[in-house]
Amino acid sequence: LVDLAQIGVIFLVFIFGLKFDPEEMNSVAQSTLAVTVLQLVITGSIGYAVATQLGLTHFEGLVLAVVSALSSSLVGLELAEQEIHRHLLHGRLAESMHLVQDLLGLLVLSIIFSTTPAEALTASALTIFFILAALSIRRYVFTFVAEAVKYNAEVLMLLGLSALVLSSQAAMYFDIPVIIGAFAAGISAARFPYNMELLDSIGSVKDFFAAIFFVTLGALVGLPTWQTVVIAIAVLVITTVVKPYVAAEGFKALGYTDRASVLAGLSLNQVSELSFILVIQGLLSGLISQSVFEGVI
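Residues numbered from 1 in each chain as written. Predicted model: local features only at pLDDT ≥ 70, side-chain atom pairs only at ≥ 80, totals over all residues. Heavy atoms only, no water.

### A look at the overall build of the protein
Okay, so step 1: Of the regular secondary structure elements, the protein holds 15 helices and 0 strands.
Okay, so step 2: Every one of the 297 residues in the protein was classed for burial, and the buried ones make up 51%.
Okay, so step 3: When the accessible surface of the protein is totalled, it reaches about 13,600 Å², and 68% of it is carbon and sulfur. (Helix = DSSP H or I, 4+ residues; strand = E, 2+ residues; numbered from the N terminus. Buried < 20%, exposed > 50% of the residue type's maximum accessible area, 1.4 Å probe, protein only. Areas by Shrake-Rupley, 256 points an atom, 1.4 Å probe, with all protein chains shown as cover.)

Printed below as a string of C-alpha cells:
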C-alpha cells in the first residue's frame with residue numbers, strides 16, 4: 001500500500017511540475033516570497049509548539065512543523081485554475097505561493113533525514129542542481145524536441161513519461177528523494193503550449209494515479225489513539241484557519257485588496273502531498289511514531 005501511494009504522489013508532483021510557468025509569476029514574485037516565508041515560519045512554529053506540548057520528539061516536532069506549513073499544490077492549483085487562466089490577481093498569487101512552497105518543501109525533504117552537515121549540504125546542492133538542470137532543459141531543449149516530433153501528442157506523452165522515469169532513477173542513484181526527480185521531470189517539459197498537449201494526453205493517467213493515491217491513503221488509516229486525534233485536530237486547525245489567515249493578512253499589509261488577499265490565502269487550506277512522503281520516510285526510518293503518522297494521514 002505504501003509503495004502504491006508513493007507512486008501516486010510521484011505522478012501527481014510530476015503533473016504539478018508540468019503546470020509550472022515562471023514567466024507568469026514575475027509580477028507578484030517579490031511580495032509572494034515575503035508572504036510565503038512569513039506564513040511558513042508562523043504556521044511551522046505553531047506546529048512545532050503543538051508537538052512540544054504533546055511530548056513528542058524533536059524530529060517529530062520538525063515533521064509536524066513541515067506538515068503544518070506546506071500546502072497541496074495539486075489541490076490548490078486545481079481550485080484556482082480558472083482564476084489563473086483568467087489572469088486574476090489572486091489566482092497568480094496562489095500559483096506563485098504554491099511554487100515557492102514546493103521548492104522550499106523539496107529542499108527540506110532532501111535534507112531533513114541527513115545525519116551530518118556535509119550530507120545535508122550535498123543533498124541540498126543536488127536538489128538545486130536537478131531543478132536548475134530541468135529549467136535549462138525546459139528553456140533550451142524541449143522546444144527543439146517538440147518541433148522534431150512535429151508536436152505529436154502521443155510522442156510527447158511518451159517523452160514526458162520517459163523523462164519522469166529517467167529523472168526519478170537519477171534521483172535514486174544520487175540518494176535523494178524520488179519526488180525531487182519527478183518534479184524536475186515535470187519542469188523540464190513545462191514549455192507552453194507543448195505542456196498543454198502533454199497534460200491533455202496524460203489526463204486519464206493522472207486521474208488513475210490520483211485514485212490510487214487516495215484509496216491507499218484511506219487504507220492506511222487505523223483506529224486512532226487519543227494522541228492521533230489531537231495531532232489531527234491541531235493540523236486541521238492550523239491548515240484551515242491559521243494558514244489562510246496569516247497569508248491573507250500578509251497580502252493586506254502589502255497593499256493588496258481584501259478580496260484578493262483572502263482568496264489567495266484560502267488556496268492554502270490543505271496539507272501538501274510532500275507531507276505524505278515525509279511521514280512515510282520517517283515511519284520507515286523509525287524516527288516518528290505510528291500516532292504521528294496516522295495523525296498526519
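The rest of the description comes next.
### Description of the environment of Ser 168
Okay, so step 1: Considering the arrangement of structural elements, one finds Ser 168 in helix H8 (residues 153-173).
Okay, so step 2: For the pair Ser 168 and Ala 185, spaced 17 residues apart in the sequence, the C-alpha separation amounts to 8.0 Å.
Okay, so step 3: Here Ser 168 is in contact with Ile 10, Val 178, Gly 181 and Ala 182, once residues within four sequence places are set aside.
Okay, so step 4: A polar contact is formed between the side chain of Ser 168 and the backbone oxygen of Leu 164, at a distance of 2.7 Å. (Contact = heavy atoms within 4.5 Å. Polar contact = N/O pair within 3.5 Å; in protein donor to acceptor, adjacent residues only side chain to side chain.)

### Description of helix H6 (residues 117-140)
Okay, so step 1: For H6, which comprises 24 residues, the first-to-last C-alpha distance of 34 Å matches the rise-based estimate of 34 Å (1.5 Å per residue) to within 8%.
Okay, so step 2: Among the residues of H6, those classed as buried are Ala 120, Ala 123, Ser 124, Leu 126, Thr 127, Phe 130, Ile 131, Ala 134 and Arg 138.
Okay, so step 3: On its buried face, H6 sits against helix H5 (89-111), helix H7 (142-148), H8 and helix H9 (178-188). (Expected span 1.5 Å × (residues − 1).)

### Some words on the nonpolar core
Across soluble globular proteins, nonpolar side chains show a tendency to be buried alongside one another.
Okay, so step 1: Residues Ile 179 and Phe 276 are the most contacted members of the largest nonpolar core, which totals 48 residues.
Okay, so step 2: With residues near it in sequence (within four places) discarded, Ile 179 still touches Val 9, Val 13, Leu 106, Leu 109, Leu 274 and Ile 277.
Okay, so step 3: In terms of nonpolar packing, the next biggest core, distinct from the first, is built from 16 residues, Ile 10, Ile 15, Leu 156 and Phe 209 among them. (Core = buried A, V, L, I, M, F, W, Y, C linked by side-chain atoms within 4.5 Å.)

### Here we look at the pattern of salt bridges
Working definition: two side chains of opposite charge can pair if their charged atoms are close together.
Okay, so step 1: Counting across every chain of the model gives 1 salt bridge.
Okay, so step 2: Note that Lys 252 and Glu 249 form a salt bridge whose closest N and O atoms lie 3.4 Å from each other. Of this pair, Lys 252 and Glu 249 both sit in helix H12 (residues 226-253), separated by 3 residues, roughly a single helical turn.
Okay, so step 3: Accessibility expressed as a relative area gives 33% for Glu 249, which makes it partly exposed. (Salt bridge = Lys/Arg side-chain N within 4 Å of Asp/Glu carboxyl O.)

### Quick word on the layout of surface pockets
Okay, so step 1: Of the volumes computed, that of the largest pocket is approximately 710 Å³.
Okay, so step 2: For the lining of the largest pocket, the secondary-structure elements that each account for two or more residues are helix H1 (2-18), H5, H6, H8, H9 and helix H14 (273-284).
Okay, so step 3: No other element matches H8, which puts 5 residues into the lining of the largest pocket.
Okay, so step 4: Per-class residue counts for the lining of the largest pocket are 17 nonpolar, 8 polar and 2 charged. (1 Å grid on protein atoms, 1.4 Å probe; cavity = no way out; pocket = protein on both sides within 12 Å on 5 of 7 lines; lining within 4 Å. Points joined across faces, edges and corners; volume = space filled by probe spheres on them. Nonpolar A, V, L, I, M, F, W, Y, C, P; charged D, E, K, R; others polar.)

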